[in-house]
Amino acid sequence: MDAAWAPVLDAARLPRKLPHVNIDTNLGETGCGDVSEGGNADFVGLYCGTIDTMYLPLDRTLAIDGGEPATHVALLAHEYAHHVQEESGLLGTVQRDMEQAGQAAPVVEDLGRRLELQANCFAGLFIGAAAGHGSFSHGLAEGSMTLFRYGESSPTHGSAVNQHLWAQRGFQRRTTAACDTFAAPAGEVA
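Residues numbered from 1 in each chain as written. Predicted model: local features only at pLDDT ≥ 70, side-chain atom pairs only at ≥ 80, totals over all residues. Heavy atoms only, no water.

1. Here we look at the nonpolar core
Side chains of a nonpolar character, in soluble globular proteins, are inclined to be buried together. Core analysis: the biggest nonpolar cluster contains 36 residues, and W5, F126, I127, F136 and F148 have the highest contact counts within it. Sorting the residues of this core by element identifies helix 1 (2-11), helix 3 (69-88), helix 4 (90-101), helix 5 (105-130), helix 6 (138-149) and helix 7 (160-173) as the ones contributing at least two each. The leading source of residues in this core is helix 5, at 11 residues. The residues contacting W5, other than those within four sequence positions of it, are Y80, V84, F122, L125, F126 and T176. (Core = buried A, V, L, I, M, F, W, Y, C linked by side-chain atoms within 4.5 Å. Buried < 20%, exposed > 50% of the residue type's maximum accessible area, 1.4 Å probe, protein only. Helix = DSSP H or I, 4+ residues; strand = E, 2+ residues; numbered from the N terminus. Contact = heavy atoms within 4.5 Å.)

As structure tokens, then:
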């Protein structure tokens, strides 16, 4: 993923750092707070931009879909997409906008969904671009995209239909411009 995203970040003259990956099963306190409590307690993947770290608890990662490699690719691609958002400055900008919105829950939820759906789009972009190269077969790519096709609706990640829509846009169009969820109409990010 680092090699695939490098030309995009370089062309935009953006910094490139390798993200850290933490697969510990008992995380507790992280650079983004205590993830053993509250809404984050049952996550499978989480990106913490504060310390450029993807948290992928091994026990949870292996449990999803029976440990299928295609599912792991989709999960990693989505979390790495958050790293790309961090490197581009987008993640920090959205977080500041969310803080400024304060208690305006609908605004905060909308910005969060747009960020998550863009991560799906970036994940699809990576999967589509990598398909058929090296050991990344077209079958593995199609299997990875299945995760987005059959996702569950959530207030943080949007409807199942929109999660699939944005992942497919990235997969088919393979440009970051196709992933501009922030300019999309409300119905596409609900």
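2. Let's talk about the side chain of Q163
Structurally, Q163 is set in helix 7. For Q163, the residues in contact, after removing those within four places along its chain, are L117, N120, F148, E152, S153, S154, H157 and G158.

3. Regarding the layout of surface pockets
Of the voids in this model, the largest pocket is the one considered here, and its volume is about 1,600 Å³. Looking at the lining of the largest pocket, the elements that each hand over two or more residues are strand 4 (46-48), helix 3, helix 4, helix 5 and helix 6. Residue composition of the lining of the largest pocket, grouped by class: 18 nonpolar, 16 polar and nine charged. Considering the residues around the second largest pocket, the lining is formed by 14 residues, among which S88, L90, Q118, F122 and T176 are closest to the centre. When contributions to the lining of the second largest pocket are tallied by element, the ones reaching two or more residues are helix 1, helix 3 and helix 5. (1 Å grid on protein atoms, 1.4 Å probe; cavity = no way out; pocket = protein on both sides within 12 Å on 5 of 7 lines; lining within 4 Å. Points joined across faces, edges and corners; volume = space filled by probe spheres on them. Nonpolar A, V, L, I, M, F, W, Y, C, P; charged D, E, K, R; others polar.)

4. Focus: helix 3
Helix length check: helix 3 (20 residues) gives 28 Å between terminal C-alpha atoms against 28 Å at 1.5 Å per residue, within 8%. Counting buried positions along helix 3 gives 16 out of 20 residues, so the element sits mostly inside the fold. Positioned one or two residues after helix 3, G89 has a phi angle of 90 degrees, which is positive. (Expected span 1.5 Å × (residues − 1).)

5. Let's talk about unusual backbone geometry
Despite not being glycine, D52 shows a phi value in the positive range, around 45 degrees. Structurally, D52 is set in the loop between strand 4 and strand 5 (53-55).

6. Structural notes on the state of the cysteines
Across all of its chains, the model carries two disulfides by this definition. Here C32 pairs with C48 through a disulfide, and the sulfurs are 1.9 Å apart. An S-S torsion of about 90 degrees defines the bridge between C32 and C48 as right-handed. Note that C32 is positioned in the loop between strand 2 (29-30) and strand 3 (33-34) and C48 in strand 4, a separation of 16 residues in sequence. We classify C32 as partly exposed; its relative accessible area is 39%. Residue C48 is classed as buried on the basis of its relative accessible area, which comes to 0%. Here C121 connects covalently by a disulfide to C179, the sulfurs 2.1 Å from one another. Here the disulfide of C121 and C179 is left-handed, its torsion about the S-S bond being about -75 degrees. Pair noted here: C121 is in helix 5 and C179 is in the segment after helix 7, with a separation of 58 residues, a long-range link. With respect to class, C121 is no different from C179; both count as buried. With its disulfide-bonded cysteines labelled consecutively along the sequence, the protein chain is connected as 1-2, 3-4. (Disulfide = S-S within 2.5 Å.)

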